[in-house]
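# Fold and contact review
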Amino acid sequence: MNKPQLVIMAAGIGSRFGGLKQIEAVGPNGEIIIDYSLFDAHRAGFKRVVFIIRKEIEELFRQRFSSKVEKLFEIRYAYQEVDNLPAPFTPPPDRVKPWGTGHAVLCAKDMVDAPFAVINADDFYGAESFKNLYKYLRTANDRGGIYDYCMVGYRLENTLTDAGHVARGVCTANAGGFLDTIVERTKIQRFENAVRYMDDNGAWVDIDGMSTVSMNMFGFTPSFCEELNSRFPAFLKGQVNNPKAEFFLPSAVNDLIAEKKATVKILPTHDEWLGVTYRQDLYPVRKAIRILVAHKVYPARRLAGYT
């Protein structure tokens, strides 16, 4: 079996951030979050990377990840475009944003031929998370018609921002450490004395800050792409004219668990998660990375080279 691949979702338009947060400098030498992800992924064992981008930012990515980086990774590009839909579907005229994380991974289907990890381009996950994920994927194997997946789990209270609301996949687990349910909550926010999410009726509901959440750091076998391919048309049939509807990874995962077609092992991590949703998030992320560099978790020299 081929060695695990790393799939990086980087096609977002950064509407709340107000720009391309995927390439915003956060490190002392101009490093972006993806640089730290690649650094940690390379040390964990990943050597094959698929970037999911929009064609309009392809040149920026190729310039950024050429030369030294391409000597360390086999890099390929997949394209998530609003009009990349199966026949006979077409996007509504007012559709601007991509169709969500499930659609993003589906766009990379033809480039995935081994167990693969999925991450967001604008999330900082930490070295332990990549090591655990790579180790699991080395032996991941669908058996008896049951898919063998995994997910890195974070504590909700450690993944919030003071700048506004965020989207998180809220998880429940069974006694064996496998995922029971995962529900995408598109608006979770820290209030003065509580953490709350907005339900489908627009009401704010309390949620335990100790809850396990998904940060879209999953591990899949290629079977997942086939499942997305078969499920996406049904989603479009009901949502294609909704300019904001998204085909979420957690929703597809939750359906497969409910149908008893997949097991998803939760890989807990002690790593500190960092992320950029709003422009106000840049300062705390930059500060946290400076501290990690000062403690020699990451080198003070520029990360290009990932050694």
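Below: a short report on this structure. Predicted model only: the values in this text are computed from it and were never measured. (Residues numbered from 1 in each chain as written. Predicted model: local features only at pLDDT ≥ 70, side-chain atom pairs only at ≥ 80, totals over all residues. Heavy atoms only, no water.)

## Here we look at the overall build of the protein
To keep it simple, the criterion reads: Here a strand is any run of E in DSSP of at least two residues, a helix any run of H or I of at least four, and the numbering for each starts at the N terminus. All radius of gyration figures rest on C-alpha atoms, and the globule criterion is 2.2 Å times the number of residues raised to 0.38. Burial status follows relative accessibility: with a 1.4 Å probe on protein chains alone, a residue under 20% of its type maximum counts as buried, one over 50% as exposed, and anything between as partly exposed. Should any heavy atoms of two residues lie within 4.5 Å, those residues are counted as being in contact.
The helix and strand inventory of the protein stands at 8 helices and 13 strands. Taking 19 Å as the expected radius of gyration for a compact globule of 307 residues, we find that the protein reaches 18 Å, a close match to that expectation. Counting all 307 residues of the protein, 53% fall into the buried class. Look at the contacts in the protein between residues 6 or more apart in sequence, and 75% of them connect residues 24 or more apart.

## Here's the deal with the pairing of strand β2 (residues 48-53)
Our working rule: By the convention used here, strands pair only if DSSP detects at least 2 bridges between them.
Most of β2 sits inside the fold, with 6 of its 6 residues counted as buried. Both faces of β2 are covered, namely the face carrying Arg 48, Val 50 and Ile 52 and the face carrying Val 49, Phe 51 and Ile 53. Inspection of the sheet shows strand β1 (residues 5-9) paired to β2 by 4 bridges, in the parallel sense. Residue pairing for β2: Met 9 is matched across the bridge by Ile 52. In the sheet, β2 pairs with strand β3 (residues 74-79) via 6 bridges, with the strands oriented parallel. Paired with Ile 52 across the two strands is Ala 78, which belongs to β3.

## Here's the deal with the environment of Arg 62
Along the chain, Arg 62 turns up in helix α2 (residues 58-64). By relative accessible area, Arg 62 is classed as partly exposed at 35%. For the pair Arg 62 and Trp 99, spaced 37 residues apart in sequence, the C-alpha to C-alpha distance is 23 Å. If we ignore the near neighbours within four places in the chain, the residues touching Arg 62 are Tyr 77 and Tyr 79.

## A look at the pattern of salt bridges
For clarity, the threshold we go by: Any Lys or Arg side-chain nitrogen found within 4 Å of a carboxyl oxygen on Asp or Glu counts as a salt bridge.
One pass over the full model with this rule turns up 15 salt bridges. Close ionic contact of Lys 97 with Glu 246 constitutes a salt bridge, the shortest N to O distance being 3.0 Å. Separated by 149 residues along the polypeptide, Lys 97 in the loop between β3 and α4 (101-107) and Glu 246 in the loop between α6 (223-239) and α7 (249-258) bring together distant segments of the chain. In this structure, the salt-bridge partner of Arg 190 is Asp 162, at a minimum N-O distance of 2.7 Å. Pair noted here: Arg 190 is in strand β8 (residues 179-190) and Asp 162 is in the loop between β6 (147-155) and β7 (166-173), with a separation of 28 residues, a long-range link. On the basis of relative accessible area, Asp 162 is assigned to the exposed category, the value being 72%. One network of salt bridges, with partners in common, ties together Glu 227, Arg 231, Glu 259 and Lys 261.

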